[in-house]
Amino acid sequence: MKRYLHLTGILLLIYSASFAQVLSPYTSGNIEQKLKKLNTLGTALYVAAHPDDENTQLIAYLANGRHFRTGYLAATRGDGGQNLIGPEIREKLGVIRTQELLAARRTDNGQQFFSRANDFGYSKDPDETFNIWDKEKVLADFVWTIRKFRPDVLITRFSLQPGITHGHHTASAVLAMEAFEASGDPSRFPEQLAHVDVWQPKKIFWNTSPWFFRNTGAKFDPEEYVKVDVGEFNSSLGYSYTEIAALSRSMHKSQGFGNSGSRGSEFEYFKQWGGENTGDLFGGIDTSWKRVKGAEGVAKSLKMARDTYSTSDPSEALKNLLIARQQLLTLSDQFWKEVKLKELEEVIQLISGTYLALNAVKPAYIPGDSIKINLEAINRSPFNLSFNAIRFSLNNERFVYNMEMEDNQSIEFTYDLIIPDDMSYTNPYWLEQPGTEGMYQVDDQLLRGLPENNPAVMGYVSLGIEDQVFEVPVPVQYRRTDPVKGEVITPLIIKPEAMINLDAKALIFSNADPKPINVTLIAGRDNLSGTLQLDVPDGWTSSPEQYDFEARREDEEIPFEFLLTPPSKASEGIIKVSAKVNGQVYQRGRSVIDYDHIPKQTLFQEATAKVVKLDARHINSKIGYIMGAGDDMPANLEQVGYQVTQLDKDQVVATELAAYDAVILGIRAFNTLPWLSYKNQELFDYVKNGGTMIVQYNTSHRLVTEEVAPFDLKLSRDRVTVENAPVEFLSPKHRVLNQPNRITQADMEGWVQERGLYFPNEWSADLQPILGMNDPGEEQTKGSLLVGKYGEGYYCYTGISFFRELPAGVSGAYRLFMNIIDLGKSENP
């Protein structure tokens, strides 16, 4: 008999400011929904490429209207996207977007899955995508999720036609189609069969829309497709599915996808790619208990529970649920038994109003620590419940009580346990091992596909009701009261004994002078002492060789400064910081991601930084920076000697801006700062009077003004996604390619993720294109870097991804950006 994995979530009382917060899980409407779901045995899996690709109104409809188990499989975690709410990019952005997807699923009641594919940035076709992803491994993950979740129906967001959307999008559809066939074949990925059985979905559909037919010459005819009205109103929840969908989609805040709810009919369209064609998504598929042998009694009892449920007296419903549970335990179908047993026990807990919480007295612990855990258990009903026992995942010890839970009387106990010395840190599991550009490295099969780490410590509470006993999993969490937010619940953290933070991921030297490197030692416990050391590449030197440290208090932060001297010539390498405590070496830092719409995330990544000695110089020094959606450019520029002042709205006045050699607008400033719709003229006047204005990329969607330049300029979706794509110097004698640094083809090497994005495709003759570039097989784009004289100064628009290249320490990007800043101090070309 195969061991099936539990697929339903633990009952966590953590909710975002959304639909899920408005409706407590204990409400009668929510209980009615779950009673209906108990008698529904259908499963749908939606498949796409990224966080925010999913169709939230379809997920909301299937999960809440049809009561199907509904999942979303995202091929990636969205590391390669942009961030509208902060400076995090790459893996930290992936963590944010993972949590945004989980917040969305808590809102629309779906479940979330991932593959090991890494979002390496925009891709224009699936062939390029599969050149970077390991297609066979990603396909294995798709098959794993299908075999584990066992959907009756697969639904893809994107079509198989290449060239009309992101290459990741098309790749996700290709993989879904191949996985549809492979998941039922025991010869494909047989190593998975130690944990799951093969599974063949009944049907696969493409969820199409008029959007996919734009610019194709083909006409969208809704009569050709299966259509479903997802705009119905759910009286139990008090929302239409489209309103729930808007709340769910609004969780994707880092992508600026806030959405307003709609009401009334809303149709989704589907083209069938495989399986029996019945003219309906689930036509011909039995989604009742009839699909399970010997389940007639279960179905009858669950129907009676639903029919007899009353908010004033739910005792009859509870009686029928308990009968159904006994019947369910006798079934031979292990999969549905486990799935429905977990759902049923959750409903019993909700009907009885039973509240269970396990709270650690501190937010974080180190391996080997003693942990104090407080239990709160309360039966908020007249039903006869007993608190029988509790055990923890930390050890095999079981605490037995067998005590009655009196109506509305709290039970409280405290447990002192030891965290094992070999306990893993609570770092996102997919970031624990070095990966590649296109893939995360995850060796443990049972971790693959999980949206996040399992809770660090679990408690399992054994409850008795009538003559039955069931065990409720309860995560150990940390709770505190914030004077503004009220109760704040965060995941329990297992951290290193010593942590070391570097103040930058890339350290740039523009000359041979030594530079102080700031390192912060963070104590994981009280009374921590040891030594701190900086390891440097060949040719680099640091002093002192090491520091002794002594921290008195846990979480105490002690700053240290190493003086790092680069070699005389251009050089690149990696520095590592390590702390030694009682013979144990620690090399991880600590970073915290804290936004209101997602649970706080703590990462413990290796304390390393890239160091670069540039062969570069600059003339100008004073920079005014207007932050847009968020980036690290000011800190990057300060590293190479610029004095950077971040400007707010009131400081953007032409006469005041005259104090700066250049004014730089951060990424998407014209998308995110409404006041630029009228302050733009102050910036243009600053240029006219002799200043240099540099505008980094914006999108044409939701500009606060079309006047992003003092000239005619039209933004497009043109981009170059291959980071090593060839670059042509269109104006080789222009000052921006020659002064003060002579830019050569060598400066175009070693770039990361992409060349740039959202280039203009139309511009005034007053603007001069500097660089030509293109992805393989495409026409050259010329709008990546445009420079024009305006009055006495210079205006520059660039879609080049300096916001990625500078933090990554790309020397050629630094040299080019220095030249752009120095436009006003060079001689005429």
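Residues numbered from 1 in each chain as written. Predicted model: local features only at pLDDT ≥ 70, side-chain atom pairs only at ≥ 80, totals over all residues. Heavy atoms only, no water.

This brings us to the overall build of the protein. The number of helices and strands found in the protein is 17 helices and 42 strands. Since a compact globule built from 829 residues should have a radius of gyration of about 28 Å, the 29 Å found for the protein is in line with a globular shape. Taking the principal axes of the C-alpha coordinates as reference, the protein spans close to 90 × 70 × 55 Å. Taking all 829 residues of the protein together, the buried fraction comes to 59%. Partitioning the intrachain contacts of the protein with sequence separation of at least 6 by distance along the chain shows that 75% fall at a separation of at least 24. Within the structure as shown, the protein displays about 33,200 Å² of accessible surface, and the carbon and sulfur contribution to it stands at 46%. Computed over 84 positive and 108 negative side-chain charges, the inter-centroid distance for the protein is 2 Å. (Helix = DSSP H or I, 4+ residues; strand = E, 2+ residues; numbered from the N terminus. Rg over C-alpha atoms; globule rule 2.2 N^0.38 Å. Buried < 20%, exposed > 50% of the residue type's maximum accessible area, 1.4 Å probe, protein only. Contact = heavy atoms within 4.5 Å. Areas by Shrake-Rupley, 256 points an atom, 1.4 Å probe, with all protein chains shown as cover. Lys, Arg positive; Asp, Glu negative; His and termini not counted. Charge placed at Lys NZ, Arg CZ, Asp CG, Glu CD.)

Here we come to the pairing of strand β17 (residues 468-482). β17 sits mainly inside the fold: eleven of its 15 residues count as buried. The pairing of strand β10 (residues 355-360) with β17 spans three bridges and is classified as parallel. Considered in β17, the bridge of Asn359 is made with Gln477. Where strand β16 (residues 458-465) meets β17, eight bridges bridge the pair, whose relative direction is antiparallel. By the bridge assignment, Gly464 is partnered in β17 with Val469. Of the strand pairs in this sheet, β17 and strand β18 (residues 486-491) are connected by six bridges, and their pairing is antiparallel. (Pairing = 2+ DSSP bridges.)

What follows is about helix α8 (residues 241-249). For α8, a buried count of seven out of nine residues is recorded, marking the element as mostly surrounded by other parts of the structure. Of all the residues in α8, the buried ones are Tyr241, Thr242, Glu243, Ile244, Ala245, Ala246 and Ser248.

Here the structure, examined in full by the defined rule, presents 30 aromatic pairs. Taking 4.0 Å as the distance between ring centres and 25° as the angle between the ring planes, the aromatic pair formed by Phe68 and Phe282 counts as stacked. Note that Phe68 is positioned in the loop between α3 (56-65) and β2 (69-74) and Phe282 in the loop between β9 (267-275) and α9 (296-308), a separation of 214 residues in sequence. By the burial criterion, Phe68 is buried, and Phe282 matches it. Against the face of Phe335 rests Arg150, its NZ or CZ located 4.2 Å from the ring centre. Of note, Lys227 hangs over the ring of Phe267, and the distance from its end group to the ring centre comes to 4.8 Å. (Phe/Tyr/Trp six-rings, centres within 6.5 Å; stacked < 30°, edge-to-face > 60°. Lys NZ or Arg CZ within 6 Å of the ring centre and 35° of its normal.)

Attention now moves to the environment of Ala299. With respect to the secondary-structure elements, Ala299 resides in helix α9. Taking the C-alpha atoms as reference points, Ala299 and Tyr122, separated by 177 residues in sequence, lie 49 Å from one another.

What follows concerns helix α10 (residues 315-328). Look at α10: 20 Å from first C-alpha to last across 14 residues, which is about the 20 Å you get at 1.5 Å a residue. For α10, the full list of buried residues reads Ala317, Leu318, Asn320, Leu321, Leu322, Ala324, Arg325 and Leu328. Structurally, α10 contributes buried residues whose contacts are with α2 (28-38), α9, α11 (334-351), β16 and β17. (Expected span 1.5 Å × (residues − 1).)

A separate point is the side chain of Ser236. Of note, Ser236 is situated in the loop between β7 (233-234) and β8 (239-240). Among the polar contacts made by the side chain of Ser236, one reaches the side chain of Glu32 at a distance of 3.1 Å. Filtering out sequence-adjacent residues up to four positions away, Ser236 remains in contact with Gly29, Glu32, Gln33 and Lys36. (Polar contact = N/O pair within 3.5 Å; in protein donor to acceptor, adjacent residues only side chain to side chain.)

Mapped onto the fold, Thr744 is located in the loop between β37 (727-729) and β38 (756-763). Residue classification places Thr744 among the partly exposed positions, given a relative accessible area of 26%. Counting along the chain gives 17 residues from Thr744 to Asn761, while the straight-line C-alpha distance between them is 25 Å.

In spatial order, the strands read β20-β22-β26-β24; together these four strands make up an open sheet with antiparallel pairing. Every other strand in the sheet has two partners, leaving β20 (498-502) and β24 (541-543) as the edge strands with one partner each. Looking at each pair of strands side by side, their axes are set apart by 30° on average, direction ignored. One ladder, built from five bridges, connects β20 with strand β22 (residues 515-523); its direction is antiparallel. Bridged to Asn501 within β22 is Thr520. (Axes fitted to C-alpha atoms, helices over the stretch in contact; angles between N-to-C directions.)

Further remarks concern the confidence of the model for the protein. Here the protein averages 93 in pLDDT, and 97% of its residues register 70 or above. Overall, residues 1-22 carries pLDDT values under 50, and its contacts beyond four positions in sequence, including any with other chains, amount to 64 contacts. (pLDDT = per-residue confidence, 0-100.)

Let us look at the nonpolar core. Core analysis: the biggest nonpolar cluster contains 65 residues, and Leu45, Leu58, Leu62, Trp133, Phe142 and Phe270 have the highest contact counts within it. Per-element tally for this core: the top contributor is helix α7 (residues 167-182), with eight residues. Core analysis: the second largest hydrophobic core is formed by 59 residues, Leu318, Leu321, Leu331 and Met405 among them. (Core = buried A, V, L, I, M, F, W, Y, C linked by side-chain atoms within 4.5 Å.)

Turning our eyes to something else, we now look at the sheet that holds strand β35 (residues 692-695). Ordered in space as β33-β32-β34-β35-β42-β41-β39, the seven strands form an open sheet in which the pairing is mixed. Each edge of the open sheet carries a strand with a single partner, namely β33 (643-646) and β39 (768-769). In terms of strand pairing, β35 meets strand β42 (residues 793-798) through four bridges, oriented parallel. By the bridge assignment for β42, Thr692 is matched with Tyr794. Here helix α17 (residues 811-821) sits on the sheet and contacts β32 (622-626), β34 (662-665), β35, β41 (785-790) and β42; the angle it forms with β35, its principal contact strand, is near 140°.

Let us look at the packing of α9 against α10. Across the interface, α9 lies against α10 with an axial gap of 8 Å and an inter-helix angle of 165°. In terms of their interaxial angle, α9 and α10 are classed as roughly antiparallel. Where α9 crosses over α10, the handedness of that crossing is left-handed. Together, Gly297, Val298, Ser301, Leu302, Met304, Ala305 and Thr308 of α9 and Glu316, Ala317, Asn320, Leu321, Ile323, Ala324, Gln327 and Leu328 of α10 make up the contact between the two elements. (Parallel < 35°, antiparallel > 145°, perpendicular 65-115°, else oblique. Left-handed = near helix turned anticlockwise from the far one by under 90°.)

Before going further, it helps to spend a moment on the pattern of salt bridges. Counted under the stated rule, the structure contains 31 salt bridges. Lys340 serves as the salt-bridge partner of Glu343, at 2.9 Å between the closest nitrogen and oxygen. Here the residue Glu343 and the residue Lys340 both occupy positions in helix α11, the gap between them amounting to three residues, near one helical turn. Glu343 sits in the buried class, given a relative accessible area of 8%. For Lys340, a relative accessible area of 1% translates into the label buried. The partner of Arg479 in a salt bridge is Glu487, and the shortest N-O contact between them spans 3.5 Å. On the basis of relative accessible area, Arg479 is assigned to the buried category, the value being 18%. For Glu487, a relative accessible area of 54% gives the class exposed. Among the ionic contacts, a cluster of salt bridges with common partners joins Lys362, Lys495, Glu554, Asp555, Glu557 and Arg590. (Salt bridge = Lys/Arg side-chain N within 4 Å of Asp/Glu carboxyl O.)

Here the focus is unusual backbone geometry. In this structure, the amide linkage connecting Ser543 to the following residue, Pro544, adopts the cis form with an omega of -5°. Cis geometry marks the peptide bond from Gln739 to Pro740, where omega comes out at -5°. Counting through the fold element by element, Pro740 comes out in the loop between β37 and β38. Positive phi, close to 70°, is recorded for Asn109, a residue that is not glycine.

Before going further, it helps to spend a moment on the environment of Asp280. Looking at where Asp280 falls in the secondary structure, it is placed in the loop between β9 and α9. Spatially, the C-alpha atoms of Asp280 and Asn636 are 55 Å apart, while their sequence positions differ by 356 residues. Not counting residues within four places of it along the chain, the set of residues in contact with Asp280 comprises Arg66, Lys203, Phe205 and Val226. Only 3.1 Å separates the side chain of Asp280 from the backbone nitrogen of Phe282, close enough to count as a polar contact. At 3.2 Å, the side chain of Asp280 and the backbone nitrogen of Gly283 are in polar contact.

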